[in-house]
Amino acid sequence: MCVGLPARVVKVHQGMALVDASGARREVSAALLDELDPGDYVMVHAGMAIARITGDDEEEMDDILEDLD
Amino acid sequence: MGNEYTQTALQIIRSYDGPPVRIMEVCGTHTHEIFRLGIRQILPEAVEVISGPGCPVCVTPVRYIDEAIWLALERKVTICTFGDLVRVPGSTQSLAGARSMGAHVEIVYSPLDAYDYARQHRDEEVVFLSVGFETTTPPSCLAVRTARAEGVMNFSLLTANKTMPRAYEAMKDSADAFLYPGHVCAVMGTGDCEAMVQQGVSGVVAGFTAKELMTAFAVILKKIRQGRPFFKNCYPRVVTREGSRTAKELMADVMVPCDDEWRGLGCISQSGLRLRSDYAAWDARRKYSVPPMKGKANPACRCGDILQGKCTPPQCPLFGTVCTPEQPVGACMVSHEGACSAYYTYGGKIR
Amino acid sequence: MNDVITLAHGAGGRQTAELIDRVFKAHFSNPQFTGDDAAVLSIGGADLAFTTDGFIVSPPDFPGGNIGKLSICGTVNDLSCMGARPLYLSCAFVIEEGFPLAKVEEYAASMARTAAEAGVRIVAGDTKVAGKGQVDHLFITTTGIGQRLTGVHTSGTLARPGDVVIVSGDVGRHGCTILLARNQFGIDADVTSDCAPLWGTVEAMLGQTKDIHVIRDATRGGVGTVLYEIASQSHVGIHLDSQSVPVHPSVRGVCGMLGLEPLYLACEGCLVIVAPECEAPAILDVLHRQPYSQDAAIIGQVTAEQPGRVILRTEIGAETMLPPPGGELLPRIC
């Protein structure tokens, strides 16, 4: 389940973060993530930033496949 | 750029010539993306994808919809809900049907928005339909904890929150490998999935982009030939081993495990969450003395077997006659991606 | 069909079609009754296109337009899709008691401006006032007639295998704008409605070539619904290349957040054009020089295979079916 959307943090204020996903902006709860800063990327679900995104899917998947052999 | 790589994953998938493999995904968004991308079309004959019980829409029992409709029509509460639940059939009708009989149904994006709605409409009694797995439960918990802290008394939750690990166990004989739900794992970490390896059950945590999904399938098909149970986190940019401690604490603070019913599968022990007694005043069942409801599922419906890959949709006597996407009877017909809905729509041409 | 009318019956999808077939068509059926945007009637030697449309948009003001502008565009575009130069419109207002007069005047001014741009005259009207709460602000119904250009014959039944499918602009912008304007989901984005009168666009296209098989105005239900209608009316398959469908980045962002499909969001200034492949470059060239169609693109082909279906070629090169229109558009979390 769980539609997740990668979004960039624009502003953090009192436990809330303004995030931007290719131009769509929304305030979401930042309660689950410590030390969130503007410019960070987060995964957003149902109005909450549920995780920090630490990499790029393209590169990461290349690495995983390389490790397979 | 990425296309080159997807080719490689594609080659691994296409060239699979091992024994038949059943891969079960347990995430509504995986179901959706697998359909949207057409991944089933590129899988070899030997690879079967089963859409297991991972979509809150599909697993929410009939009784729960009946409770929500009772609250809306008998107690005249305002129901706040995710859009997903609006068309899910109860014993006699869905929330969409109840709305045309005067039920007040507000569709929200977040449980926190439902809380805000309650705060701004103090003259209404507001009930949020709290469904979902570990990804969706934290915002519901945060909403109700905030309501308690702020003394907002016209807000409550009708809970049907579920947890995945017991479902993995319940389904483990139906699959050779799981595609674990990336966003549940983002919150819970990978411990439960790794523990499944001890029980001989393989799986990978998968993300949601084309590349992430293709890679996840490629990893399964490559590793499965080695014959040993395995686990691999194929979504490390979002999923860590520990998951979110804060989220887990938040959930434990507000909710406790309980036995829970899954549409099509029946009751699974300790697979649900309900509000702790400190939150009784925000628990819609207690607050409004919701009477116990039986929730009559059609006895001929074979969704449970379909979810477990034990039969195909046309083998169900209701399929296509009594049960259609327009008037769904069972869980698998409810959402577009449900096994029966997809089979009905695509005429079985798309596996 | 359910026993009562639900919002799905007004969403432009399968339930709407069912309501029309089982109730309206059953009672009104006659040789001119049309499944297209407007009926074409031969009167005194002229081919007249005739149509009507009701507007109940909430909120009545939104970025890029208001209900007044919309009420003109909708009817002008329906006539234009039949290759008919819009000539005269009538309008009927149902206004809620207590609604500000200044607002009514603002909408009337918008209507006048849009009508002038489209070259139509508003020649008759009706006003009703309903008690407080009986309508939401105001409803406008417009009816229009236009004269079809000679040599033009467009209809949803005329798509042929080998034709290409063109959209005149990026998809889903009006629906997305309205969704945001209702502020129900707390999302903010720089999106304005594509609401525009398209006679100028159609006239320019028909000036280039009259060999166009279908022109449809993708309103409620979006481009996806129109494509399904064409596939069914013409008994053809439609194969889309999902990567070629123009979508504004912010619309994509909003859709990502709410789990919606842009092909099913409403447009109010976007045409779906089906034409022979040899005409496509010239048509695109004309479209790119018109103000409301600079993002026009070929998005797919018409095939003899899989009649009645819309097939998407996806980013991994597989083919999947576009889920058929499913009634009320609901955001999802799973």
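Right, let's walk through the structure included here. (Residues numbered from 1 in each chain as written. Chains lettered and ligands numbered in written order. Predicted model: local features only at pLDDT ≥ 70, side-chain atom pairs only at ≥ 80, totals over all residues. Heavy atoms only, no water.)

### So, the overall build of chain C
Link 1 in the chain: In terms of regular secondary structure, chain C is built from eight helices and 15 strands.
Link 2 in the chain: Seen along its three principal axes, the alpha-carbon backbone of chain C occupies a region of about 55 × 55 × 45 Å.
Link 3 in the chain: Relative to its full complement of 334 residues, chain C shows a buried share of 56%.
Link 4 in the chain: Taking as baseline every contact in chain C between residues at least 6 positions apart, the subset at least 24 positions apart corresponds to 82%.
Link 5 in the chain: Of the accessible surface of chain C, which amounts to about 13,500 Å², a share of 52% is contributed by carbon and sulfur atoms. (Helix = DSSP H or I, 4+ residues; strand = E, 2+ residues; numbered from the N terminus. Buried < 20%, exposed > 50% of the residue type's maximum accessible area, 1.4 Å probe, protein only. Contact = heavy atoms within 4.5 Å. Areas by Shrake-Rupley, 256 points an atom, 1.4 Å probe, with all protein chains shown as cover.)

### Observations regarding the overall build of chain B
Link 1 in the chain: The helix and strand tally for chain B stands at 17 helices and 11 strands.
Link 2 in the chain: Since a compact globule built from 351 residues should have a radius of gyration of about 20 Å, the 20 Å found for chain B is in line with a globular shape.
Link 3 in the chain: If one aligns the C-alpha atoms of chain B with their principal axes, the spans along those axes are about 65 × 50 × 40 Å.
Link 4 in the chain: When burial is assessed residue by residue, chain B has 63% of its 351 residues classed as buried.
Link 5 in the chain: About 12,700 Å² of surface is accessible on chain B, with carbon and sulfur atoms providing 49% of the total.
Link 6 in the chain: Of note, chain B has its 38 positive side-chain charges centred 3 Å away from the centre of its 35 negative side-chain charges. (Rg over C-alpha atoms; globule rule 2.2 N^0.38 Å. Lys, Arg positive; Asp, Glu negative; His and termini not counted. Charge placed at Lys NZ, Arg CZ, Asp CG, Glu CD.)

### Considering the interface of chain B and chain A
Link 1 in the chain: Taken together, the contact pairs 47 residues of chain B with 30 residues of chain A.
Link 2 in the chain: Approximately 3,100 Å² of surface area, both sides summed, lies buried where chain B meets chain A, with 65% of it carried by carbon and sulfur atoms.
Link 3 in the chain: Three residues, Y109, H183 and R237 of chain B, lead the burial of chain B against chain A; their summed loss comes to 22% of the area buried on that side.
Link 4 in the chain: Summed over the shared surface of chain B and chain A, the result is three salt bridges.
Link 5 in the chain: The partner of D113 of chain B in a salt bridge is R26 of chain A, and the shortest N-O contact between them spans 2.8 Å.
Link 6 in the chain: Across the chain B-chain A interface, the total number found is nine residue pairs in polar contact (both at pLDDT 80 or more).
Link 7 in the chain: Where the side of chain B that touches chain A is concerned, the elements lending two or more residues are α1 (2-14), α2 (28-37), α7 (111-120), α8 (137-150), α10 (182-188), α12 (210-224), β9 (231-233) and α13 (245-254) of chain B. (Buried area = accessible area lost by both parts, 1.4 Å probe. Salt bridge = Lys/Arg side-chain N within 4 Å of Asp/Glu carboxyl O. Polar contact = N/O pair within 3.5 Å; in protein donor to acceptor, adjacent residues only side chain to side chain.)

### Observations concerning the pattern of salt bridges
Residues and elements named next belong to chain B.
Link 1 in the chain: Inspection of the entire model under this criterion finds 32 salt bridges over all chains.
Link 2 in the chain: Here R286 ties to D283 by a salt bridge, and the two come within 3.1 Å at their closest N and O atoms.
Link 3 in the chain: Within this structure, R63, E67, E261 and R285 form a network of salt bridges that share partners.

### Looking at helix α2 (residues 67-81) of chain C
Each turn of an α-helix holds 3.6 residues, which means side chains three or four residues apart point in the same direction.
Residues and elements named next belong to chain C.
Link 1 in the chain: Its 15 residues place the ends of α2 21 Å apart at the C-alpha level, agreeing with the 21 Å of an ideal helix rising 1.5 Å per residue.
Link 2 in the chain: Capping the start of α2, N66 holds a side-chain oxygen 2.8 Å from the backbone nitrogen of G68, two or three residues further along.
Link 3 in the chain: One or two residues past the end of α2 sits G83, with phi positive at roughly 75°. (Expected span 1.5 Å × (residues − 1).)

### Observations concerning the sheet that holds strand β5 (residues 126-132) of chain B
Residue and element names in this part refer to chain B.
Link 1 in the chain: An order of β4-β3-β5-β6-β11-β10 is seen for the six strands of this open sheet, with the pairing classed as mixed. One side of each edge strand has no neighbouring strand; the edge strands of this open sheet are β4 (104-107) and β10 (255-262). Ignoring strand direction, the axes of neighbouring strands in this sheet form an average angle of 25°.
Link 2 in the chain: With three bridges connecting them, strand β3 (residues 78-81) and β5 associate as parallel partners. Note on β5: the bridge partner recorded for T78 is V126.
Link 3 in the chain: The strands that α7 touches are β3, β4, β5 and β6 (155-162); relative to β5, the one it contacts most, it runs at about 175°.
Link 4 in the chain: The strands that α8 touches are β5, β6, β10 and β11 (266-275); relative to β6, the one it contacts most, it runs at about 155°. (Pairing = 2+ DSSP bridges. Axes fitted to C-alpha atoms, helices over the stretch in contact; angles between N-to-C directions.)

### Remarks on the environment of G295 of chain B
All names here are of chain B.
Link 1 in the chain: On the secondary structure map, G295 appears in the loop between α14 (284-287) and α15 (303-307).
Link 2 in the chain: Classification of G295 by relative accessible area gives partly exposed; the value is 22%.
Link 3 in the chain: For the pair formed by G295 and V57, sequence separation is 238 residues and the distance between their alpha carbons is 16 Å.
Link 4 in the chain: Those residues in contact with G295 that sit more than four places away from it in its chain are V62, R63, D66 and S91.

### A short note on the sheet that holds strand β11 (residues 237-241) of chain C
Hydrogen bonding along the main chain pairs the strands of a sheet, whether they run parallel or antiparallel.
Residues and elements named next belong to chain C.
Link 1 in the chain: Read from one edge of the open sheet, seven strands run β10-β12-β8-β13-β11-β14-β15, paired in mixed fashion. Among the strands making up the open sheet, the edge pair consists of β10 (214-217) and β15 (319-321). Neighbouring strand axes in the sheet, compared pairwise and without regard to direction, differ in orientation by 25° on average.
Link 2 in the chain: Bridge count between β10 and strand β12 (residues 271-275): four bridges; the pairing is antiparallel. Bridge pairing links R216 to V272 in β12.

### Remarks on the environment of C255 of chain C
All names here are of chain C.
Link 1 in the chain: Residue placement: C255 occurs in helix α7 (residues 249-258).
Link 2 in the chain: Of the residues examined, C255 reaches a relative accessible area of 4% and is grouped as buried.
Link 3 in the chain: Sequence-wise, C255 and I178 are 77 residues apart; in three dimensions their C-alpha atoms are separated by 13 Å.
Link 4 in the chain: Residues in contact with C255, not counting those within four places in the same chain, are L260, E261, P262 and L265.

### Some thoughts on unusual backbone geometry
Link 1 in the chain: Backbone torsion omega between S58 of chain C and P59 of chain C reads 0°, so that peptide bond is classified as cis.
Link 2 in the chain: The phi dihedral of Q270 of chain B is positive, around 55°, even though this residue is not glycine.
Link 3 in the chain: By secondary structure assignment, the location of Q270 of chain B is in strand β11.
Link 4 in the chain: Here Q270 of chain B falls in the partly exposed class, since its relative accessible area comes to 34%.
Link 5 in the chain: Of note, H235 of chain C is a non-glycine position whose phi angle comes to about 55°, a positive value.
Link 6 in the chain: For H235 of chain C, a relative accessible area of 63% puts it in the exposed group.

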